[in-house]
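# Structure at a glance
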Amino acid sequence: MSAASCLLSEDEFLCSICLDVFTDPVTTPCGHNYCKNCINQHWNTADQYLCPVCKKVFNTRPELHINTFISEMVAKFRKLNKSTQQKASSSSSEQQVAKPGEVSCDVCTGTKLKALKSCLVCLTSYCETHLEPHLTVSGLKRHQLMDPVENLEDRMCTKHDKPLELFCKTDQTCVCMLCSVLDHRTHEFVPVKEEYEGMKAELEKTEAEIQQMIQKRRLKIEEIKHSVKISKDDADREKAEGVQVFTALKESVDRGLNQLIKEMEEKQKTTEKQAEDLITELEQEISELMKRSTEVEQLSLSEDHLHLLQNFPSLKAAPPTKDWTEVRVRPPSYEGTAVRAVVQLLIEEVKRLSAEAGLKRVQQYAVDVTLDPDTAHPNLVLSDDEKQVHCGDVKKNLPDNPERFKSYISVLGKQSFSSGRFYFEVQVKEKTKWTLGVARESIKRRGKITLSPQRGYWAIWLRNGNEYKTCDVPPVDLSLKSGPEKVGVFVDYEEGLVSFYDVDTGALIYSFTGCSFTEKLYPFFGPCPNDGGKNSAPLIICPVNQTE
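Residues numbered from 1 in each chain as written. Predicted model: local features only at pLDDT ≥ 70, side-chain atom pairs only at ≥ 80, totals over all residues. Heavy atoms only, no water.

The name recorded for the protein in an unreviewed UniProt entry is E3 ubiquitin-protein ligase TRIM21, from Lates calcarifer.

So, in structure tokens, the structure goes:
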């Protein structure tokens, strides 16, 4: 052990005269301990018998006796020191050497081992070997140990050289015991450990809040990434659609160009044929006229008087010919033909692409819809998969559910919607009558029913095979070039929009706009009476095949 470490660990066993570990320790009447030889030599040379520590004067020389307790403690201490030194030399190679950034043992000489604990009393950090006295010696056991730290001096009061054991809540600073009775005597104190627990709890709370903030930001990152992904998906989809659109447009342009060239060539051929026919006719007349000219010339050269007089009447007049004064070959006008063809092509293509784009846009909100037998009119017949419905001739005896239609031959879908967008498709092929749309939950289902938005129905219908109208008051006629075989129904709950599409052409049939939805909406199906078999075809809920 070094001298410094001995002082730190042996101060309770040192003689204040020789400053070494006691040899034959004795105790004076005033309670101080010295080596027997040291105190005797001191008194032998002194003028009076006094204690070197407290200066107490004794009238007579005290009789000194060996202090057996201290003597035994010194013996144990010497033995322990010897054992400690041996262990230090033998086990130093087994313990971990302090690495950069780790606290090293202050006692080790040469190779510094990693400190295991720091003593706040000794202000020293110890490795496992040098820590042993603090674990075995009774006096050292009372010292305050902690995990190894650097700068132990910072844990001592600079004014009183005492450990900082208290926390002054008034000044929010760490103080020693003397500070609490001197400089801070009117302040509020708690043990450092108690304040530590409180602050640790606060730090844990702060850490939890920080972790929550981190989590929120991570979620925000995921949200942003998701937005970017949606944007990329949208961009990819739009690019793919753009390729399809421009490819289709190019094909249409090619078809239009071919048609334009064909029409212009046909016009030119017609003009050329007309000219050829006229030229042929003119050449025939020229041939007749030249023939007559030759006959006239020959007659005029004849010296036969009688022959000239006899043939003159027939050759006097020119042969009958066509009046060519107003005959013209009028070339067809080609000016603006290409521009008109392009404009017409673009108009038709824009209409077609717009219809396809509109339908494709709403088809992405397709939902799976099935029929609700608990709402079906007793005359309706539903398929086992609840995807088809038609009107039968027999009225079935069904439970009288309050949600069942009793007067109007119709049925609702099982699925309800109270937000967002949804879309479904229904085949109406070969039917002469049908009603289709959506209805709110609180619609009237018994007695006289009027279908209108005011009564909770947003629908269109077919009557008499070719009369398409909206279910409104009064109904609005729908002028359709051809009747749809499959109808798509789209609803945007928040926008208050209900739209109907001809799925095969992509054309928008009709839209209810500015609707105010405050209840659940259900798909609404009215197959109508079968009219003796004329309208026996079912309404069929079809899977949605998005437009390619």
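Moving on from the coordinates now.
## Some words on the overall build of the protein
The secondary structure content of the protein amounts to 9 helices and 22 strands. Taken over the C-alpha trace, the protein has a radius of gyration of 58 Å; the compact-globule value for 548 residues is 24 Å, which it surpasses by more than 25%. Viewed in the frame of its principal axes, the protein has a C-alpha envelope of about 210 × 85 × 50 Å. In the protein, the share of contacts with a sequence separation of at least 24, taken over all contacts with a separation of at least 6, comes to 56%. For the protein, the exposed area adds up to about 34,300 Å²; of that, 53% sits on carbon and sulfur atoms. Each charge class in the protein was averaged separately, 71 positive and 82 negative side chains, and the resulting centres sit 6 Å apart. (Helix = DSSP H or I, 4+ residues; strand = E, 2+ residues; numbered from the N terminus. Rg over C-alpha atoms; globule rule 2.2 N^0.38 Å. Contact = heavy atoms within 4.5 Å. Areas by Shrake-Rupley, 256 points an atom, 1.4 Å probe, with all protein chains shown as cover. Lys, Arg positive; Asp, Glu negative; His and termini not counted. Charge placed at Lys NZ, Arg CZ, Asp CG, Glu CD.)

## Looking at the sheet that holds strand β17 (residues 467-470)
Spatial ordering of the open sheet is given by β13-β21-β15-β16-β17, a layout of 5 strands whose pairing is antiparallel. The open sheet is flanked by β13 (411-412) and β17, the only strands paired with a single partner. Alignment of strand β15 (residues 434-440) against strand β21 (residues 521-526), held across 6 bridges, turns out to be antiparallel. Within β21, the residue paired with V438 across the bridge is P523. (Pairing = 2+ DSSP bridges.)

## Remarks on the side chain of E285
Mapping E285 onto the fold places it in helix α7 (residues 192-300). With no salt bridge to any partner, buried E285 finds its closest opposite charge in K322, at an N-O distance of 6.9 Å. For E285, the contacting residues outside a window of four places in its chain are T321, K322 and W324. (Buried < 20%, exposed > 50% of the residue type's maximum accessible area, 1.4 Å probe, protein only. Salt bridge = Lys/Arg side-chain N within 4 Å of Asp/Glu carboxyl O.)

## Remarks on the UniProt feature "coiled-coil region" (unreviewed entry) in the protein
Under the local residue numbering, the UniProt record ascribes the feature "coiled-coil region" (unreviewed entry) to residues 193-223 and 250-299. Taken end to end, residues 193-223 comprises 100% helix and 0% strand; its first and last C-alpha atoms sit 44 Å apart. (UniProt positions renumbered as here; feature names shortened; annotations may be inferred.)

## Concerning the pairing of β17
Only one face of β17 is covered, namely the one carrying Y468 and T470; the face carrying E467 and K469 has none of its residues buried. Relative to β17, strand β16 (residues 457-463) is paired through 4 bridges, and the arrangement is antiparallel. Within β17, the residue paired with L462 across the bridge is Y468. The turn linking β16 back onto β17 is made up of 3 residues, and N464 within it adopts a positive phi angle of 60 degrees.

## Quick word on the sheet that holds strand β5 (residues 117-119)
Strand pairing in a sheet takes place through backbone hydrogen bonds and is either antiparallel or parallel in direction. On the basis of which strands lie adjacent, the open sheet formed by 3 strands has the order β6-β5-β7 and antiparallel pairing. Every other strand in the sheet has two partners, leaving β6 (124-126) and β7 (145-146) as the edge strands with one partner each. When β5 meets β7, the two strands line up antiparallel, connected through 2 bridges. Residue S118 lies in a different strand from β7, and its bridge partner there is M146.

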